[in-house]
Amino acid sequence: MTHPAHDYAEQHIDRFLEDLKHLIRIPSISTQPKHAADVRRAAEWIGSEMEKIGFETVELIDMPEGRHPLVFGTWMGAGEDAPTVLIYCHYDVQPAELEDGWDSNPFEPTIRDNILYARGATDSKVNVITQLRAIESVLSTPEKSPVNIKFILEGEEESGSETINAFVAKHRDRLSADVSVVSDGPIITPHQPSMVIGLRGIIGMELHVEGPIQDLHSGHFGGNTHNPVQALTEILAQLHDENGTVTVPGFYDNVIDATPAEREAIAGADPYYEANWKSTSGAPAVWGEAGYTIQERAGIRPTLELNGIWGGYSGPGVKTVLPAKAGAKITCRLVPGQDPARIYEVIKAHVMDLAPETIKVSMEMQDMGAPAIRIPHDSKAVRVANKAYENHWDRESVLEVAGGSIPIASTFATVTDEIVIMGYSHKGGLAHGPNENTHLVMFDKGIGTAIDFLLMYAE
Ligand code: BES
Ligand code: MN
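Residues numbered from 1 in each chain as written. Chains lettered and ligands numbered in written order. Predicted model: local features only at pLDDT ≥ 70, side-chain atom pairs only at ≥ 80, totals over all residues. Heavy atoms only, no water.

Turning our attention to the overall build of the chain. The helix and strand tally for the chain stands at 13 helices and 20 strands. Computed over C-alpha atoms, the radius of gyration of the chain comes to 23 Å, within 12% of the 23 Å expected from 2.2 N^0.38 for 459 residues, which places it in the range of a compact globule. If one aligns the C-alpha atoms of the chain with their principal axes, the spans along those axes are about 80 × 50 × 45 Å. Relative to all contacts within the chain whose residues are 6 or more apart in sequence, the contacts with residues 24 or more apart total 80%. On the chain, roughly 19400 Å² of surface is accessible, and the fraction owed to carbon and sulfur atoms is 51%. (Helix = DSSP H or I, 4+ residues; strand = E, 2+ residues; numbered from the N terminus. Rg over C-alpha atoms; globule rule 2.2 N^0.38 Å. Contact = heavy atoms within 4.5 Å. Areas by Shrake-Rupley, 256 points an atom, 1.4 Å probe, with all protein chains shown as cover.)

And the structure:
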């Protein structure tokens, strides 16, 4: 590892950390319209940095279908005979408020015990900076990069991916490359790298229940009018059985079960999943389908999750109201074989079947469907990625099927011959929650790994 790109990274590591802090301070929350200007500011900063480090073209791309810009840059200086690497990151983040339970301001990066706390620290600004500065380090050397580089970043990963979906649909050719490197998601612990060989898909929906035309006195109407909150919970309670299995007819119809070989391949990650479950969830006891490990329940099995529920009064004291309406947000994590649109349809049909005549029920699909993905782990890209991590962590990666979703990943898998997922945050990093964090022991290792991938993919 005496390549000059590594020396450059080592010399500039303090500045790289300042860049991470700078990007974190821009609250690029894609789902909240009031932060649209911040999302754009983050894109502009990334674009201008890409220009500074030598990308030949850099564009901010807006699509009529979307809300936030893509940043797209190319460096094709390695020549026609060299391979081309397409790197993907997202620069948007989930919402965060100090009151949610943060120990410090979510948009003011705060380091305690060599851990950096902030929204986006792990998901996914550390990945943005890692890739950006790895590319800078490689391009700074006299030989520059042995591979051509296309770098695309979206600002809507956490909220629908409309822009990137529309862009890929129209301009697939502009993304042509030998391999997609999807740089998002964590490794399993700060000290143990892992290789994601599968991700779950996702579909989101809302369920609305309406009863009386307005809120009523529960003394006058309680007992003769079906309470929408009660009706909603009666429906929701029937969506799982006592084993945690989803009861919606057709939900499991096309599921392609993980093979015994796949289950064996990922078993090496089980101890880490168990330890992480204990330390991160803090829940009283494990829950889920019998016959599956903790990793498998959140990786190879599909789920139906209630993400939020509303209706009636929840302020202080008593309010004897019979509410007019109630609702719930539902998402399903999907596995191979399950088509997002079809899953929505079977759930809708079942909910309509369960709905009594005493209330009105409606369902609404939310614009975030994506199928699951499996990544062959015998590809050149995965071999090179494994080796790159091993160079810096001094140990081989364990394989895992991760439970999260990266909606554009399944599309990239069809744009390029190979795909690999390379993340530089850690699983215990509390992504989406309060006190999200990244361990700074990983920061220089991550940049070193990303550099090595670019150098070694050319060989
Ligand atoms: N980085 C995550 C995806 C992820 C999580 C990959 C865990 C691997 C392991 C990503 O930013 C994310 O949170 N995606 C959303 C997508 C959704 C909002 C459409 C998710 O999975 O909930
Ligand atoms: Mn996320």
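Right, picking up where we left off after that structure.
For sheets, the rule is that strands pair by backbone hydrogen bonds, running either parallel or antiparallel. Reading across from one edge, E4-E5-E20 is the order of the 3 strands in this open sheet, with antiparallel pairing throughout. Either end of the sheet is taken by a strand with one partner, and the two such strands are strand E4 (110–112) and strand E20 (437–439). Taking the axes of each pair of neighbouring strands and ignoring which way they run, one obtains an average angle of 25° across the sheet. Packed on one face of the sheet, helix H1 (residues 4–25) meets E4 and strand E5 (115–117) and runs near 20° to E5. (Pairing = 2+ DSSP bridges. Axes fitted to C-alpha atoms, helices over the stretch in contact; angles between N-to-C directions.)

Across the sheet, which stays open at both edges, the 3 strands sit in the order E16-E9-E17 with mixed pairing between neighbours. One side of each edge strand has no neighbouring strand; the edge strands of this open sheet are strand E16 (373–374) and strand E17 (398–402). As paired strands, strand E9 (residues 194–199) and E16 are joined by 2 bridges and run antiparallel to one another. Bridging across to E16, Gly198 finds its partner in Arg374.

Moving on to the domain arrangement of the chain. Here the domain parsing of the chain yields domain 1 (4–199 + 372–457) and domain 2 (201–255 + 302–370). One C-alpha centre belongs to domain 1, the other to domain 2, and the line joining them spans 36 Å. Contacts between the two partners involve 9 residues from domain 1 and, on the opposite side, 8 residues from domain 2. Between domain 1 and domain 2, the buried area comes to about 670 Å², and carbon and sulfur atoms account for 55% of it. Together, Ala372, Ser405 and Pro407 form the three largest contributors to the area buried by domain 1 at its contact with domain 2, with a combined 57%. Linking domain 1 to domain 2 there are 0 salt bridges. If you look at where domain 1 meets domain 2, you find 2 residue pairs in polar contact (both at pLDDT 80 or more). Here the residues of the side of domain 1 that touches domain 2 sort into 3 nonpolar, 4 polar and 2 charged. (Domains from an automatic or database assignment. Buried area = accessible area lost by both parts, 1.4 Å probe. Salt bridge = Lys/Arg side-chain N within 4 Å of Asp/Glu carboxyl O. Polar contact = N/O pair within 3.5 Å; in protein donor to acceptor, adjacent residues only side chain to side chain. Nonpolar A, V, L, I, M, F, W, Y, C, P; charged D, E, K, R; others polar.)

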